[in-house]
2 protein chains.
Amino acid sequence: MVLQQAEDLLHDYLMAREQKLTWQRRTILAIFFAARTHLTIEELYKKVREQNRNIGVATVYRTVKILCDCGLASGFKDAGGNVKYELGQEYHEHLVCVKCGRVIEAVEAVYQLPAKLCTAKKFKVLHSRLEVYGICQECSNPCSCAGKA
Amino acid sequence: MVLQQAEDLLHDYLMAREQKLTWQRRTILAIFFAARTHLTIEELYKKVREQNRNIGVATVYRTVKILCDCGLASGFKDAGGNVKYELGQEYHEHLVCVKCGRVIEAVEAVYQLPAKLCTAKKFKVLHSRLEVYGICQECSNPCSCAGKA
DNA sequence: CTTCTTGCAAAGAATTTGCATAGAA
DNA sequence: TTCTATGCAAATTCTTTGCAAGAAG
């Protein structure tokens, strides 16, 4: 995904809800996008401030929430217990070592047989979770779509 | 994974660190295990209280942290922005609709071609994240293992 | 016996909210 | 112009911590 696509998606989402695409939201999205890693709110905020001193934390929180709502980002707790957010690379695999916390990036294969992948990396699987964000069948069908809360 | 296995794993983890397996920890693990879903701390706490009135929130927090550290559980932010925890089923797939929030459980295939799976479920992928928790090569090797903080 | 745990309540972080003003459509 | 978004700081909510008493090994 390129930035333009992400921004379009955000734009559409906001328009549909009669909300606005402000320069703050654009800025935050762009910085988040450029980072290409998972960040805590604080980390993201710091980067944002580097670029523009006039954006408040609250706006970062509010914007990240929107990004999560529209499916562009998602949040999770990392090994250290901190809540991190990640902009959605379409397929992104992490192998997280629960002993040392090391994170092995594995963006390569498109989910094809992670078992094989783990074997190749000599990574002993304890457990895992796959979250796929998208639009379910019901919501894809305009007639039966209930919309979002 | 059965409860006994989980408890053994926890036990080993605690022993290795000279920590103790208390009845509170067993209780919380068992209740969490029985729930078979992702829960917020509050939800878990409520269930725990139903079974035993003398366990404090702090203990639930502390225990869940241990479960995360030893790789039995992991935390993430759900569609509503709440931090949820999930005990590790070895392979567990969720298809999360970003419109309605519906979660399609897809425990079936062992990650084999989620793309195919999504097609079958008519689920339009926006993005996804796979977290695999386990022991990395370095940590599996007792000689080079740095241990955990 | 010694050391780690616990429950409680207070402390500390993290996140949200109210309100007047600025800004997008 | 009309509403929504923003920044600030206060208000909330979520999590962690300190401590005396109680268990686990």
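Overview of the structure. Only a predicted model underlies this, so the values are computations on that prediction, with no experimental measurement involved. (Residues numbered from 1 in each chain as written. Chains lettered and ligands numbered in written order. Predicted model: local features only at pLDDT ≥ 70, side-chain atom pairs only at ≥ 80, totals over all residues. Heavy atoms only, no water.)

**A word on the protein's contact with DNA strand C**
Step number 1: The full set close to DNA strand C counts 19 residues, and Y61 of chain A together with K20, N54, T59 and R62 of chain B are the nearest of them.
Step number 2: Looking at DNA strand C alone, sugar and phosphate atoms form 67% of those within 4 Å of the protein.
Step number 3: For DNA strand C, a phosphate oxygen lies 3.2 Å from a polar atom in the side chain of Q19 of chain B.
Step number 4: G56 of chain B has a polar backbone atom sitting 3.2 Å from a phosphate oxygen of DNA strand C.
Step number 5: Contributions of two or more residues to the surface near DNA strand C are made by α4 (57–69) of chain A together with α2 (23–35) and α4 (57–69) of chain B.
Step number 6: Broken down by element, the surface near DNA strand C gets its largest block of residues, 4 residues, from α4 of chain A.
Step number 7: Residue classes in the surface near DNA strand C are distributed as 6 nonpolar, 6 polar and 7 charged. (Near = heavy atom within 4 Å. Polar contact = N/O pair within 3.5 Å; in protein donor to acceptor, adjacent residues only side chain to side chain. Helix = DSSP H or I, 4+ residues; strand = E, 2+ residues; numbered from the N terminus. Nonpolar A, V, L, I, M, F, W, Y, C, P; charged D, E, K, R; others polar.)

**Description of the pattern of salt bridges**
Residues and elements named next belong to chain B.
Step number 1: This model, assessed by the stated rule, comprises 5 salt bridges over all chains.
Step number 2: The shortest N-O distance in the salt bridge between K84 and D78 comes to 3.9 Å.
Step number 3: Bridged by salt links that share partners, the residues E43, D78 and K84 form one connected network. (Salt bridge = Lys/Arg side-chain N within 4 Å of Asp/Glu carboxyl O.)

**So, the pairing of strand β1 (residues 73–77) of chain B**
Both faces of the sheet carry side chains from a regular strand, because those side chains alternate between them.
Residues and elements named next belong to chain B.
Step number 1: Counting buried positions along β1 gives 4 out of 5 residues, so the element sits mostly inside the fold.
Step number 2: By the bridge criterion, 5 bridges tie β1 to strand β2 (residues 83–87) in an arrangement that is antiparallel. Across the sheet, the residue bridging to K77 is V83, located in β2.
Step number 3: In sequence, β1 turns back onto β2 through a hairpin of 5 residues, with G81 there showing a positive phi of about 90 degrees. (Buried < 20%, exposed > 50% of the residue type's maximum accessible area, 1.4 Å probe, protein only. Pairing = 2+ DSSP bridges.)

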